[in-house]
Amino acid sequence: MRIYDRRLRRAGTGTNGKAASPRVTAPDPDLHPEPGTEAPSFVSDSLNLSLAFSAARRAHADHTRGGHGRPYFEHPIQVATLLRDAGYDEEVCAAGLRHDTVEDSSFTVDVIAESFGQRVGGLVEALTEDPSIDGWEDRKAALRESVARSGPDGAAIYTADKIANLNDWRQVYSEVGEASVEFFKAPTLDARIRAWQADLEMSESVAPDMVFNRILRAELERFEGDRDGRSDPVRP
């Protein structure tokens with residue numbers, strides 16, 4: 001469920017192909033966290049969340065978001081914080097921290113389930129796209145079906161993810177307008193918005209009273225208003 005370009009910040013290598021001096025090696029993300037990737041207090045106060053946080057930060061350590069070079073790990077923190085503030089339990093918050101790690105790293109669902117339990121592993125599995133499905137819209141539709149089968153907790157993580165994405169992308173759109181489609185993992189910006197609308201419909205059907213539904217609807221309306229209000233809406 002990623003929306004930003006991921007670019008590796010590669011450590012240097014010597015002329016013989018071996019790793020260069022430790023002075024150019026990426027620092028340990030736990031000892032030297034990048035700004036915006038420090039553990040929130042609700043994570044630090046919990047052993048299980050601290051472990052999930054550390055594993056997720058390592059999985060995303062070489063990922064950035066958009067053209068700003070901001071650490072991608074800011075996004076899972078935002079998702080987990082939304083879940084915690086809405087009153088979801090530690091396992092749901094842990095799955096929120098880990099929701100992109102199978103798609104974006106060598107972690108597997110089995111490893112996550114072994115480390116954090118079957119419930120967390122099952123939620124992460126439900127939130128992971130199937131790369132074997134051709135076609136962006138078909139792949140997103142299959143993901144929505146997977147999330148719907150996982151029940152209200154899966155829908156909560158999924159919808160929190162969309163809220164965090166939309167909040168960030170309203171900022172991106174304010175800067176570059178329709179050119180922001182270059183940062184979306186979608187064929188067109190209209191297709192991306194249709195997918196968000198379908199995401200909302202799914203969430204409302206699975207968990208009609210969930211607070212995130214109202215927030216996601218409001219973010220979508222604001223984003224569409226942003227588009228309508230621009231003077232350069234040359235839409236692809």
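Residues numbered from 1 in each chain as written. Predicted model: local features only at pLDDT ≥ 70, side-chain atom pairs only at ≥ 80, totals over all residues. Heavy atoms only, no water.

1. Regarding the pattern of salt bridges
Between side chains of opposite charge, pairing is possible as soon as their charged atoms come close. Per the counting criterion, the structure on display carries 15 salt bridges. Here E129 and R139 are joined by a salt bridge, their closest N and O atoms 3.2 Å apart. Here E129, found in the loop between α7 (118-126) and α8 (136-150), pairs with R139, found in helix α8; they are 10 residues apart in sequence, far enough to count as distant. Since its relative accessible area comes to 16%, E129 is described here as buried. R192 is paired through a salt bridge with D199; the nearest N and O atoms lie 3.6 Å apart. Comparing R192 with D199, the two get one shared label, buried. The structure contains a network of salt bridges with shared partners spanning D89, E91, R119 and D153. (Salt bridge = Lys/Arg side-chain N within 4 Å of Asp/Glu carboxyl O. Helix = DSSP H or I, 4+ residues; strand = E, 2+ residues; numbered from the N terminus. Buried < 20%, exposed > 50% of the residue type's maximum accessible area, 1.4 Å probe, protein only.)

2. Side note on the confidence of the model for the protein chain
Across the protein chain, the average pLDDT comes to 83, with 80% of residues at or above 70. Within the model, pLDDT remains below 50 along residues 1-29, and this stretch shows 70 contacts once partners closer than five positions in the same chain are excluded. (pLDDT = per-residue confidence, 0-100. Contact = heavy atoms within 4.5 Å.)

3. Notes on the packing of aromatic side chains
A complete count under the given rule lists 4 aromatic pairs for this structure. Considering the side-chain rings of F53 and F73, the 4.9 Å spacing of their centres and the 65° angle between planes classify their relative orientation as edge-to-face. Taken together, the positions of F53 in helix α2 (residues 47-59) and F73 in the loop between β2 (70-71) and α3 (74-85) put the pair 20 residues apart, joining distant regions of the chain. The two residues F53 and F73 agree in class, both being buried. Summarising the aromatic geometry, the rings of Y173 and F223 are spaced 5.5 Å apart at their centres and angled 75° between planes, so their arrangement reads as edge-to-face. Remark: F223 occurs in helix α11 (residues 211-229) and Y173 occurs in helix α9 (residues 152-176); sequence separation between them is 50 residues. Take Y173 and F223: they sit in the same class, and that class is buried. The structure contains a cluster of three or more aromatic residues connected by ring pairs, namely Y173, W196 and F223. Looking at R98, its charged tip hangs above the ring of F107, at a distance of 4.5 Å from the centre. Over the aromatic face of Y158 sits the side chain of K162, whose NZ or CZ is 4.4 Å from the ring centroid. (Phe/Tyr/Trp six-rings, centres within 6.5 Å; stacked < 30°, edge-to-face > 60°. Lys NZ or Arg CZ within 6 Å of the ring centre and 35° of its normal.)

4. Let's talk about helix α10 (residues 189-206)
Between its terminal C-alpha atoms α10 stretches 26 Å, which fits the 26 Å expected from 18 residues at 1.5 Å a residue. Looking at α10, one finds that the buried residues are L189, A191, R192, I193, A195, W196, D199, L200, M202 and S203. Looking at the packing, one finds that the buried side of α10 touches α8, α9 and α11. (Expected span 1.5 Å × (residues − 1).)

5. Points about the environment of R65
For R65, the location among the structural elements is in strand β1 (residues 64-65). A C-alpha to C-alpha distance of 9.0 Å links R65 and H75, two positions 10 residues apart in sequence.

6. Quick word on the environment of R119
Within the element layout of this structure, R119 appears in helix α7. The class for R119 is partly exposed, based on a relative accessible area of 33%. For the pair formed by R119 and V92, sequence separation is 27 residues and the distance between their alpha carbons is 8.5 Å.

7. Concerning the packing of α9 against α11
Between α9 and α11, the least distance of the axes is 9 Å, while the angle of their chain directions is 25°. Considered as vectors, α9 and α11 are oriented roughly parallel to each other. Here α9 runs over α11; the crossing is left-handed. Residue-level inspection shows A156, T159, A160, K162, I163, L166, N167, W169, R170 and Y173 of α9 in contact with α11, the latter providing F212, N213, I215, L216, E219, L220, R222, F223, D226 and R227. (Axes fitted to C-alpha atoms, helices over the stretch in contact; angles between N-to-C directions. Parallel < 35°, antiparallel > 145°, perpendicular 65-115°, else oblique. Left-handed = near helix turned anticlockwise from the far one by under 90°.)

8. Overview of the environment of G122
The residue G122 is located in helix α7 in this model. Here the alpha-carbon distance between G122 and G154, two residues 32 residues apart in the chain, equals 9.1 Å.

9. Structural notes on the packing of α3 against helix α4 (residues 90-98)
Here α3 crosses α4 at 160°, and the two axes come no closer than 7 Å. As far as their axial angle goes, α4 and α3 are roughly antiparallel. Of the two elements, α3 crosses α4, and the hand of that crossing is right-handed. Residues P76, I77, V79, A80, L83 and R84 of α3 lie in contact with α4, whose contacting residues are V92, C93, G96 and L97. Of the residues contributing to the contact of α3 with α4, the split by class is 8 nonpolar, 1 polar and 1 charged. (Nonpolar A, V, L, I, M, F, W, Y, C, P; charged D, E, K, R; others polar.)

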